[in-house]
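Residue-level listing of the chains:
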Amino acid sequence: MSGAPPPAIEIRDVAKIFRQGTGAFSAARFVRAVDGVSFAVPAGGCFGVVGESGCGKSTLARLILGLHPPSSGDILVDGRRLADMDRRERARLIQPVFQDPFSSLNPRRAIRDIVGLPLAAQGIGRAERERRVVEMLERVGLTAEMAGRLPAQLSGGQRQRVAIARALILRPRIVVCDEPTSALDVSVQAQILNLLAELRRELGLTLLFISHNLAVVEHICDEVAVMYLGRVVERAATEKLFHAAAHPYTRALLASVLTPEPGLGIPDVGLGDTYPDPANVPPGCRFHPRCPIAVERCRSETPLPRMVDGRQVECLLA
Ligand code: SF4
């Protein structure tokens, strides 16, 4: 019997297929937004998922948050299937922080109600809610006085701190951060990243960090997965990935790191400006139409994930 605890979160061969176009004159299209993704994150770890807009990273985040059911595969939290938990239990274990704090916070509710809502949904009374809300606001660098304000009365960085306070108020095990700093000024981005890193250490949080911004991921994550057209094409410890990428797509992303456009995906990865249609995935290696080192067999042979020098990579030539 091994005494090792299960990973905080484990993704096992997860796929999500969306059906599009159901009109009388248009044939249905099936988009494999996430296509056989597997990885595990130990308790207290920070795992990054990067890729261009449309690669499937935000769909993956939504699957982990239980906002969509997977079409196949399993998601486990502390060894238990997410599919076997009800909404309340999932909310106690996993919470999100989204990109745009302005649109994710109800503009008509006071901060105390926004941050306290998850507590109210768990049946916790008003006095206890108020105590915990104030404690959490102070923990994320806000003040008790801000509890009575509306979101519009706060700055962008303060609103993202409110979103983090709301995510942490139930003391979840896992926080899924989907582009949490993309809508913020550069100077505020660093403060929010440092806050997340600090909270992770103090509270033993496990973070799943979805971002198009490689510099942000390098700053905060221990391990990174690179997604392309629904697949993880490379996964490695952060340092290894950033200093010796094995997949040509990862190398293209890293070459583009100097020209990030927050919120708009990665602008120029030097691979042409057309992202392939996810409903019409190329045969063979799905990256071959854009790959600068593709050879003939890449058009017909599908690369499988292999371990190469301590990292997982899907490339016939790696
Ligand atoms: Fe490029 Fe071929 Fe490797 Fe795919 S398998 S990444 S096309 S070299």
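See above for the structure.
As a starting point, this report considers the structure included with it.

About the cut-offs
- Residues numbered from 1 in each chain as written.
- Predicted model: local features only at pLDDT ≥ 70, side-chain atom pairs only at ≥ 80, totals over all residues.
- Heavy atoms only, no water.
- Axes fitted to C-alpha atoms, helices over the stretch in contact; angles between N-to-C directions.
- Helix = DSSP H or I, 4+ residues; strand = E, 2+ residues; numbered from the N terminus.
- Parallel < 35°, antiparallel > 145°, perpendicular 65-115°, else oblique.
- Left-handed = near helix turned anticlockwise from the far one by under 90°.
- Contact = heavy atoms within 4.5 Å.
- Salt bridge = Lys/Arg side-chain N within 4 Å of Asp/Glu carboxyl O.
- Buried < 20%, exposed > 50% of the residue type's maximum accessible area, 1.4 Å probe, protein only.
- Near = heavy atom within 4 Å.
- Nonpolar A, V, L, I, M, F, W, Y, C, P; charged D, E, K, R; others polar.
- Patch = residues over 30% accessible without salt bridge, like charges linked within 9 Å, V, L, I, M, F, W, Y side chains within 5 Å.
- Areas by Shrake-Rupley, 256 points an atom, 1.4 Å probe, with all protein chains shown as cover.
- Polar contact = N/O pair within 3.5 Å; in protein donor to acceptor, adjacent residues only side chain to side chain.
- Core = buried A, V, L, I, M, F, W, Y, C linked by side-chain atoms within 4.5 Å.
- Pairing = 2+ DSSP bridges.

So, on to the packing of helix 4 (residues 111-121) against helix 6 (residues 156-168). Helix 6 packs onto helix 4 with a crossing angle of 30 degrees between their chain directions and a minimal axis gap of 7 Å. Taken together, the axes of helix 4 and helix 6 lie roughly parallel to each other. Where helix 4 crosses over helix 6, the two elements pack in a sense that is right-handed. Between helix 4 and helix 6, the contacting residues are Ile111, Ile114, Val115 and Pro118 on the first element and Val162, Ala165 and Arg166 on the second.

A few words now on the pattern of salt bridges. In this structure the tally under the stated criterion is 25 salt bridges. A salt bridge links arginine 139 to glutamate 198; the nearest nitrogen and oxygen atoms lie 3.4 Å apart. One end of the pair, arginine 139, is in helix 5 (residues 126-139); the other, glutamate 198, is in helix 7 (residues 186-203), with 59 residues separating them in the sequence. Classification of glutamate 198 as partly exposed rests on a relative accessible area of 33%. Residue arginine 311 is joined to aspartate 309 by a salt bridge in which the shortest nitrogen-to-oxygen separation is 3.8 Å. Classification of arginine 311 as buried rests on a relative accessible area of 3%.

We now examine the environment of leucine 65. By secondary structure assignment, the location of leucine 65 is in the loop between helix 1 (57-64) and strand 4 (72-77). In sequence terms leucine 65 and leucine 193 are 128 residues apart; their C-alpha atoms lie 21 Å from each other. Residues in contact with leucine 65, not counting those within four places in the same chain, are Arg90, Ile94, Gln95, Pro96, Phe98 and Val176.

As a structural note, the neighbourhood of the ligand is formed by His247, Pro248, Cys285, Phe287, His288, Cys291, Ile293, Ala294, Cys298, Cys315, Leu316 and Leu317. Considered class by class, the residues forming the shell around the ligand number ten nonpolar, two polar and no charged.

Attention now goes to a nonpolar patch on the surface. Taken together, the side chains of Ile293, Val295 and Leu317 define a hydrophobic patch exposed on the protein surface, amounting to about 210 Å² of accessible area. Here leucine 317 lies in the segment after strand 12 (311-313). Residue leucine 317 is classed as partly exposed on the basis of its relative accessible area of 40%.

Our next topic: the side chain of glutamate 52. The residue glutamate 52 is located in the loop between strand 3 (46-50) and helix 1 in this model. Exposure remark for glutamate 52: the relative accessible area of 8% places this residue in the buried category. Separated by 3.1 Å, the side chains of glutamate 52 and arginine 290 make a polar contact.

In an α-helix there are 3.6 residues to a turn, and that puts residues three or four apart on one side. Of all eight residues in helix 10 (residues 248-255), six are buried; the element is thus mostly enclosed. Residues of helix 10 that are buried: Pro248, Tyr249, Thr250, Ala252, Leu253 and Leu254. On its buried face, helix 10 sits against strand 3, helix 8 (214-220), strand 9 (223-228), strand 10 (231-237) and helix 9 (238-243).

For the rest of this paragraph, the subject is unusual backbone geometry. Phi at aspartate 78 takes a positive value of approximately 50 degrees, unusual for a residue other than glycine. On the basis of relative accessible area, aspartate 78 is assigned to the partly exposed category, the value being 29%. Even without being glycine, arginine 171 reaches a positive phi, approximately 55 degrees. Within the secondary structure layout, arginine 171 lies in the loop between helix 6 and strand 7 (174-178).

With that settled, the discussion passes to the nonpolar core. Core analysis: the biggest nonpolar cluster contains 60 residues, and Ile164 and Phe209 have the highest contact counts within it. Beyond its immediate chain neighbours, meaning those up to four positions away, phenylalanine 209 contacts Cys46, Phe47, Gly48, Val49, Cys177, Pro180, Leu193, Leu196, Val216, Val217, Ile220 and Cys221. Core analysis: the second largest hydrophobic core is formed by 28 residues, Val37, Cys55, Leu60 and Ala225 among them.

Moving on, we come to the sheet that holds strand 2 (residues 29-41). Pairing within the open sheet is antiparallel, and its four strands lie in the order 2-1-4-5. Sheet topology places strand 2 and strand 5 (80-81) at the edges, where each strand pairs with a single neighbour. Here ten bridges tie strand 1 (residues 9-20) to strand 2, and the two strands are oriented antiparallel to one another. Considered in strand 2, the bridge of phenylalanine 18 is made with valine 31. Its contacts with the sheet place helix 1 against strand 1, strand 2 and strand 4, and it is angled at close to 115 degrees to strand 1.

With that out of the way, let us pick up the packing of helix 6 against helix 7. How two helices sit against one another is set out by the angle between their axes and by the gap between those axes. With their axes 10 Å apart at the nearest point, helix 6 and helix 7 run at an angle of 20 degrees to one another. Relative to helix 7, the element helix 6 lies roughly parallel. Of the two elements, helix 6 crosses helix 7, and the hand of that crossing is right-handed. Contacts between helix 6 and helix 7 pair Gly157, Gln160, Arg161, Ile164 and Leu168 from the former with Val188, Gln191, Ile192, Leu195, Leu196, Leu199 and Leu203 from the latter. Classifying every residue of the contact of helix 6 with helix 7 by side-chain character gives eight nonpolar, three polar and one charged.

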